[in-house]
Amino acid sequence: MLRSLRVRLAQGRQFVPDLRTARPAGFRGRPEISASPCAAGCTVCREECPTDAIRIDPVAIDLGRCTFCGLCEEICPSGRFTFTPDPRLAARTPEGLIVREGVQPAVARDPDLARIFGRSLKLRQVSSGGCNACELELNALANVNFDVQRYGIEWVASPRHADGLVLTGPLTANMRDAVRLAWDAMPDPRFVVSVGACAISGGLYRGSPTLDRTFLGEARPVLLVPGCPPHPLTFVHAILDLLGVR
Amino acid sequence: MTTWVPASAWREALTDRVAAATPPSGHPAGRVVTLFGRREGDELVVTAVIERGGVLETLRTRMPAADGYHSMTEEVPALHAFERELHEQTGVAVRGHPWLKPLRFEGGGGQAAMRTYPWYTVEGRDVHEVAVGPIHAGVIEPGSFRFMCLGERVLHLEIQLGYQHRGVEQLLRSGDSRRLTPLVETIAGDSTVANAWAHALAIEQLAGVGVSRETELSRAVLLELERVGMHLASLAGLATDIGHLQGASTYGRLRTTVINTSMRLCGSRFGRSGVRPGAPAYAFGADQRGALQSALELLGRDVPVIDDRFLSDISVQHRLGGIGVVSAARAKEIGLIGVAGRASGQDLDQRVHRADLYPNLLPEVEPGGDCLARTRVRMREIHASLGWLRAVVESRAGWPRARASIGLLAPSSMGVAVVEGFRGEVVHCMETDASGALVHYKVQDPSLQNWLGLALCVRGGAISDFPICNKSFDLSYCGQDL
Ligand code: SF4
């Protein structure tokens, strides 16, 4: 009893009061691309980027591929890249994930999804080659700090109870049938969310013969949540924006 | 040290080294850290890394691939997983292996091929099977478990993995040096730092690059944060699985403090980009030291409070004590390593061989071999790592961030590195050809050896104990599936 009280006392209040305004200290999040011109003929960022996420003319980063390693910020001789702690990184389409000078990713509210799921959303997570970093961050959404249940959002065990299928990992051939089974077991209306560079684009595993990404062609994700892994707040912003919650 | 032996002397050379110490050599008994193979034309090149008294020896041989390879698992059961992998990766016959089943279905064929898995069956009027997976109830990676039961009692558990196979090793060998570190960071995301450090050590060996003490210290700081963070995650999971809500919520929020500290140091809660070959990949100055110090103060105050509450709870003791036992003898036989090994009396922790970084560190060994022992090992290691981190803060060590280029790799060489991650030994072996290009990259997560420990520990127990046994091992699916 006394021990339990001591734990309570030490625990205090742990929840992040406002998930919308919280900015994680030190987090390498949304990149900003400055207006300063590139050095003539310089392509060092494009060549060195391990995920081939950078385009030049104009300079742009594809957040669907980027693993937020920070290398481009470090090596650009013209200082064009700055990673900020802003966790708002998601978009609804692959094109929406291309960040350029003055262009930021944003998630538009989906009126239908907002009407149906705006106050209660049950999600089933399936990992298909995920490295357990995305999975741990998605789990963290339900801990006492992020407490995403405050918005009526919950992880469920059975796809039968789920409204959304949240995919992580690059989609391995060895999981292809299982992913489809989970999806087939979900009642309509339902939707898919891709979380992490691997799920969005294949990430570092793009083009590997061990993958089978045909599922994504058939059940197109309505939400793409970048990161390697995405910060829990990145997911929170993405899903709340999709549902038009505050 | 690398020793080549002719194929005819291979068996003897290997079994001699793992045999108990015999005079006059006086060597302590060796342990096979890894064993793997690759095809080179018509030949099979086999490599074993053997540890004796903290010294690693690489023992190698070549043999005609067509002749096949004669299994040594019957004599040295700890080789069971290595030889299954060797067979799957090289296609070479491994004769006489008692359990030569696919390890991760690397051969293509996808999930259709996985359905051909030759499950062990138990027959009898009242025997029944319970199949679980590949998708499990939580937010967790996939794997298939099949229990053969008599009523509630588990006669045998078989674990089929491979669902997470992404071709990590093939990609590492593909020659894109830009991707090496980012890829190894995703072998097992919860062991990002352990893998990145092992990779850095292996490639630094090959490139003949020496690094500063600060560089190594910068890695060890992130590794100990990774260890504390993941041990707390395991404890939170265990608490959840036995319905101990206070433990679940408290260990969970303490982990948040730890991984947020990693983020303060290197920009990522998982230590991504915190380790790069050649130099410290993040700066550790007054700000970072201050952030680490205040986290350590909080953890030093709050962790003992919840540990005390958790361990003194009668229901926790009953739920974890005596459940899922792996005896010390069995652990040694099957080559159990890491937390699970130490909880079954195995005196193994690679950090003791890094006295330059970890002076006075002793493996946290428990004799019990049950879920409670695995819990206690984690608690003690958290305590020890926090103490170690505190000493770093007090030493006022600091370093700037730097970038180093690694240069060319030595031709026809092998770099071998073993790092004690939070689960156990993470092994990276990189081999170059005569031109200095990578011909082989072998990575190994401790889960590879330890999954069998989980399968054996539930035998004779109640099937309802499986979730806590599983959590107490806390093994990696993607780390084993690669
Ligand atoms: S931060 Fe992203 S865009 Fe920049 S180099 Fe790394 S992966 Fe490429």
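The rules behind these values
Residues numbered from 1 in each chain as written. Chains lettered and ligands numbered in written order. Predicted model: local features only at pLDDT ≥ 70, side-chain atom pairs only at ≥ 80, totals over all residues. Heavy atoms only, no water. Helix = DSSP H or I, 4+ residues; strand = E, 2+ residues; numbered from the N terminus. Domains from an automatic or database assignment. Contact = heavy atoms within 4.5 Å. Buried area = accessible area lost by both parts, 1.4 Å probe. Salt bridge = Lys/Arg side-chain N within 4 Å of Asp/Glu carboxyl O. Axes fitted to C-alpha atoms, helices over the stretch in contact; angles between N-to-C directions. Parallel < 35°, antiparallel > 145°, perpendicular 65-115°, else oblique. Left-handed = near helix turned anticlockwise from the far one by under 90°. Nonpolar A, V, L, I, M, F, W, Y, C, P; charged D, E, K, R; others polar. 1 Å grid on protein atoms, 1.4 Å probe; cavity = no way out; pocket = protein on both sides within 12 Å on 5 of 7 lines; lining within 4 Å. Points joined across faces, edges and corners; volume = space filled by probe spheres on them. Near = heavy atom within 4 Å. Buried < 20%, exposed > 50% of the residue type's maximum accessible area, 1.4 Å probe, protein only. Pairing = 2+ DSSP bridges. Polar contact = N/O pair within 3.5 Å; in protein donor to acceptor, adjacent residues only side chain to side chain.

Student: Account for the environment of Pro105(A), with residues named and values stated.
Tutor: Among the structural elements, Pro105(A) can be located in the loop between strand 5 (98–100) and helix 4 (111–117). Measuring from C-alpha to C-alpha, the distance between Pro105(A) and Thr93(A) comes to 9.9 Å, with twelve residues separating the pair along the chain.

Student: Give a description of the domain arrangement of chain B that names residues and reports values.
Tutor: All names here are of chain B. Looking at chain B, the domain boundaries give domain 1 (2–95) and domain 2 (190–445). For domain 1 versus domain 2, the separation of C-alpha centres amounts to 28 Å. Between domain 1 and domain 2, the contact holds 20 residues from the first and 18 residues from the second. Counting the surface lost from both domain 1 and domain 2, the interface buries some 1500 Å², and carbon and sulfur atoms represent 59% of this. Per-residue buried area on domain 1 facing domain 2 is highest for Arg31, Phe36 and Arg38; these three make up 32% of the total on that side. Viewed at the interface, domain 2 and domain 1 are joined by four salt bridges.

Student: Tell me about the packing of helix 9 (residues 286–312) of chain B against helix 13 (residues 371–394) of chain B, and please be specific about residues and values.
Tutor: All names here are of chain B. Two elements in contact, helix 9 and helix 13, have axes separated by 10 Å at closest approach and are oriented at 155°. Compared by their axis directions, helix 9 and helix 13 come out roughly antiparallel. The handedness of the crossing between helix 9 and helix 13 is left-handed. Touching Arg289, Leu292, Gln293, Leu296, Leu299, Gly300, Val303, Asp307, Phe310 and Leu311 of helix 9 are Leu372, Thr375, Arg376, Met379, Ile382, Leu386, Leu389, Arg390 and Val393, all from helix 13. Tallied by class, the residues present in the contact of helix 9 with helix 13 amount to twelve nonpolar, three polar and four charged.

Student: Mind laying out the layout of surface pockets, listing which residues take part and the relevant values?
Tutor: Of the volumes computed, that of the largest pocket is approximately 1400 Å³. The wall of the largest pocket is formed by 50 residues, among which Asn139(A), Val139(B), Gly237(B), Thr240(B) and Lys471(B) lie closest to the centre. Each pocket or cavity is described by its volume, and for the second largest pocket that value is around 1200 Å³. Considering the residues around the second largest pocket, the lining is formed by 48 residues, among which Leu71(A), Thr181(B), Arg276(B), Pro277(B) and Arg403(B) are closest to the centre. Of all the elements in the fold, those that place two or more residues in the lining of the second largest pocket are helix 3 (71–75) of chain A together with helix 5 (180–184), helix 6 (192–207), helix 8 (245–266) and strand 11 (279–280) of chain B. The leading source of residues in the lining of the second largest pocket is helix 8 of chain B, at four residues. Per-class residue counts for the lining of the second largest pocket are 26 nonpolar, 13 polar and nine charged.

Student: So what about the site of the ligand? Which residues, and what values?
Tutor: The immediate surroundings of the ligand are formed by 13 residues, with Cys49(A), Cys66(A), Cys69(A), Gly70(A) and Cys72(A) found nearest. Residue composition of the shell around the ligand, grouped by class: ten nonpolar, three polar and no charged.

Student: Could you give an account of the pairing of strand 14 (residues 438–444) of chain B, with specific residues and numbers?
Tutor: All names here are of chain B. Of all seven residues in strand 14, six are buried, a share of seventy percent or more. For strand 13 (residues 425–432) and strand 14, the ladder comprises six bridges, and the chain directions are antiparallel. Directly across from Val427, in strand 14, lies its bridge partner Gln444. Hairpin geometry of strand 13 and strand 14 is characterised by an intervening segment of five residues between the two adjacent antiparallel strands and by a positive phi of about 90° at Gly436.

Student: Please provide a residue-by-residue account of the interface of chain B and chain A, values included.
Tutor: Chain B puts 59 residues into the contact, and the matching count from chain A is 66 residues. When the two sides are added together, the surface that chain B and chain A hide from each other amounts to roughly 5000 Å², 53% of it contributed by carbon and sulfur. Counting every contact that joins chain B to chain A gives seven salt bridges. At the boundary of chain B with chain A, the tally comes to 39 residue pairs in polar contact (both at pLDDT 80 or more). At ten residues, helix 8 of chain B tops the list of elements feeding residues into the side of chain B that touches chain A. When its residues are assigned to classes, the side of chain B that touches chain A shows 22 nonpolar, 19 polar and 18 charged.

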